[in-house]
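The primary structure of each chain is shown beneath.
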Amino acid sequence: MTTPLMAGLDGSSNTLHAAPLRVGKARRFSALALAMTAVIASLAGTPTSASASASASASASASASASASASAKVTGSGAAHRPAAPKPSPRPQPPVDLSPIAPEVHPSPLPDGWEHGAFMEIFVRGYQDSDGDGIGDLRGLISRLDYLQALGVKGLWLMPIQASADHDHGYATVDYRRIEPQYGTLEDFDTLIREAHRRGIGVVMDYILNHSARQHPLFMAAQSDPRSPWRDWFVWSQAPLKDLQAWSIFDQTPWHLPDGPADPAARATKGRPAAAPSRYFATFGKDMPDFNMRNPAVVLYHEDSLRFWLNRGLDGYRLDAVPHLIENNARDWNDQPESRVLTGAFTRLIKSYPGRHVVCEATAEPTVYAQPDICGSAFAFGLERAIITAAKGEGEASVEAAAKVAGWFTRAPLSMATMLSNHDIFAGQRAWDQFGGNERRYRLAAATYLLLPGTPFIYYGEEIGQAGLTDLPGDQPLRAPMSWTAEGGFSSAQPFRPLSPNRATHNAQAQAADPQSLLHFYRDMLALRNTQPSLARGSYEAPVAQGHVLAFQREWQGERTLVAINYGETPAQVTVPTSAEVVLRPLYPAATGAASARVMSATAALATTTDGMNSDAGAQGKEAPRRPVPQPSTLELTLPALSVQVYRLR
């Protein structure tokens, strides 16, 4: 069955409506799946799947009765004889595991608040090869857990590890319940979860709700036969191509012809011209067809597949491309209300397991998706560019960017996810390349996002200043093998992709041996976050942007910290609000001896402002005794050029 394009805007065929769904007796739908499709239908102004199915069943029954009457044969006596009804053809077995998964809910072994620590985004293919085939795998990652623990990360985000058609980035899934064979086995996954938990590290993984791979067995069945029971798991149109011209997503049409022979329904017959061939909908290109998320069976499949991994101990998910779950028409295709409803429902399912974390990729309105009723956390796209621009210290642009950074969390939820870059080129090159190798400014940017509110996500290799590749297309320059040693250290075989060009100097082994290295700086920043609860989960207060200086305060259960960063080439003074009586204790750089005494004597002496007259005494013409009147106080800090200073306020 197809999901046709019906008359829409300006009378053209550019609006998507859900077609009736074939619901057999054997098919089960959860309350969530049915409720979600009902809500989606009400938002779109279409009938619910249940009523549509009932209508479809009634039509099918009537059609079958008429057909049987028309084909009745006449016997010699002239009596009508109805042949025995043909046996219904058995429903084909699903080509992948669609079995129901019951929840197995157990307490999380991780400490409360683990998700407020820093995460490492890991491309398993590029992290560590354990078996000498030139491709990273789960056992290789397990062998590097001690390194990650020493760095101070509290969570891992694994880019897709399920079986994929692309055998690279992994976002073209062919089986949602199977590990990519090149990465290992389910037993390896279980070992990773167990060993990460033993080190106090949680594990979340990518989950792609919106689309599958073109090679997914369900899509292959759907495209090969319009009558396939899996046809309505995807989105189809038989509208003429001219009626689809209004559709443009990422500067290309999302409608594609399937592989294989032409659609039989589209062939010309005697007296009837050929119809337009069916096309399927694919937001991210023809290799990744969109699921029909209006179909409750599809929602149920994802519910069960999410539980499959949660039952094995997974600590949560990064939900990919959630604003694209539902498209309504050629104009209203991004971030529709139905997509938010669906995302919120999936989030609630995941968080019904104790201690789980969800972060969403939602480039359209990340602050909206970070609200508790949708995702709870979403990547703060745009903040990373402001941080990098501020840290570059390039004139007025840097000053404006510092102000933007200062104001970001006065408007955005503190639960946002922050970063400098990630696996997608639209978010920027690797940080090393964006700073042109200027490590001092690199450190300023790192300190900014690691100490701001939100959950920071470090992109693998960022902590050692790994450079991106050159002369490769798309996102490939961002996804080189991790630089463990000067020779590479990633694999004993030829790596699947060239090694980073700066591995000779910027590798984990060399930097671990150098206390002044970038790696040690990252360790220091994460140590601050892990030992000062106010920096991990505290409020965001008193933000100040003065020229090239950024300052802000964080508070949690009486613990208050002050962070001050000078992006400028010269020393600068900054005035920050504070209480009348305050003592500063340096946390970073850790001051000792005379240096500590100078800092304390220069900043700790603050007086309470007193002023005012007793109004009653003043009215009698008598001088009233002076009494202290609390007034806002300020603190003057002098910051060296290109510096980070962190204090505990007491």
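Our subject is the structure listed above.
Read on for a plain summary of the structure. The structure displayed is predicted, hence computed values, not measured ones. (Residues numbered from 1 in each chain as written. Predicted model: local features only at pLDDT ≥ 70, side-chain atom pairs only at ≥ 80, totals over all residues. Heavy atoms only, no water.)

**Some words on the overall build of the chain**
Here's step 1: If you tally the helices and strands in the chain, you get 18 helices and 23 strands.
Here's step 2: Of all 650 residues assigned to the chain, the portion counted as buried reaches 52%.
Here's step 3: Surface exposure of the chain reaches about 27100 Å², of which carbon and sulfur atoms provide 54%. (Helix = DSSP H or I, 4+ residues; strand = E, 2+ residues; numbered from the N terminus. Buried < 20%, exposed > 50% of the residue type's maximum accessible area, 1.4 Å probe, protein only. Areas by Shrake-Rupley, 256 points an atom, 1.4 Å probe, with all protein chains shown as cover.)

**Focus on helix α6 (residues 217-224)**
Here's step 1: Regarding α6, the residues found buried are L218, F219, A222 and Q223. The buried side chains of α6 occupy one side of the element, clustering within an arc of 125 degrees when seen end-on.
Here's step 2: Residues of α6 that are buried make contact with β10 (236-237) and β12 (279-281). (Arc of directions from axis to C-beta. Contact = heavy atoms within 4.5 Å.)

**Brief notes about the nonpolar core**
Here's step 1: Core analysis: the largest hydrophobic core is formed by 145 residues, its most contacted members being L148, L156, L158, Y317 and Y522.
Here's step 2: Among the nonpolar cores identified, the runner-up in size contains 15 residues, and A572, V582, L637 and L649 belong to it. (Core = buried A, V, L, I, M, F, W, Y, C linked by side-chain atoms within 4.5 Å.)

**Some thoughts on the sheet that holds strand β18 (residues 549-556)**
Here's step 1: Across the sheet, five strands lie side by side as β17-β18-β19-β23-β21; this open sheet has antiparallel pairing. Taken across any chain shown, the strands that pair with only one partner, and hence form the sheet edges, are β17 (541-546) and β21 (584-588). Pairs of neighbouring strands in the sheet enclose a mean axial angle of 20 degrees, with direction left out of account.
Here's step 2: Bridging between strand β19 (residues 559-566) and strand β23 (residues 643-649) involves seven bridges; their strand directions are antiparallel. Note on β23: the bridge partner recorded for T561 is R648.
Here's step 3: Together, β21 and β23 form the strand contacts of helix α15 (residues 518-531), whose direction differs from that of β21 by roughly 135 degrees. (Pairing = 2+ DSSP bridges. Axes fitted to C-alpha atoms, helices over the stretch in contact; angles between N-to-C directions.)

**Some words on helix α13 (residues 439-451)**
Here's step 1: Helix length check: α13 (13 residues) gives 18 Å between terminal C-alpha atoms against 18 Å at 1.5 Å per residue, within 8%.
Here's step 2: Here α13 lies mainly inside the structure; eleven of its 13 residues are buried.
Here's step 3: Within the span of α13, buried status applies to R441, Y442, R443, L444, A445, A446, A447, T448, Y449, L450 and L451.
Here's step 4: Measuring from the side-chain oxygen of the N-cap residue of α13 to the backbone nitrogen of R440 gives 3.3 Å; that N-cap residue is N438. (Expected span 1.5 Å × (residues − 1). Polar contact = N/O pair within 3.5 Å; in protein donor to acceptor, adjacent residues only side chain to side chain.)

**So, the sheet that holds β12**
Within a sheet, neighbouring strands are paired by backbone hydrogen bonds and run either parallel or antiparallel to one another.
Here's step 1: One open sheet holds the three strands; their spatial order is β10-β12-β11, and the pairing between them is antiparallel. Looking at which strands have only one partner, the edges of the open sheet turn out to be β10 and β11 (255-256).
Here's step 2: Two strands pair when backbone bridges link them, and β10 and β12 are joined in this way by two bridges, in the antiparallel orientation. In the sheet register, W236 faces β12, and the bridge partner there is Y280.

**Let's talk about the side chain of N502**
Here's step 1: Summarising the element assignment, N502 is placed in the loop between β16 (455-459) and α14 (508-512).
Here's step 2: Within the local environment of N502, its side chain forms a polar contact with the backbone nitrogen of A467, the two atoms lying 3.1 Å apart.
Here's step 3: Polar side-chain contacts of N502 include one of 2.8 Å to the side chain of S500.
Here's step 4: Apart from the residues within four sequence positions on either side, N502 is in contact with W432, G465, Q466 and A467.

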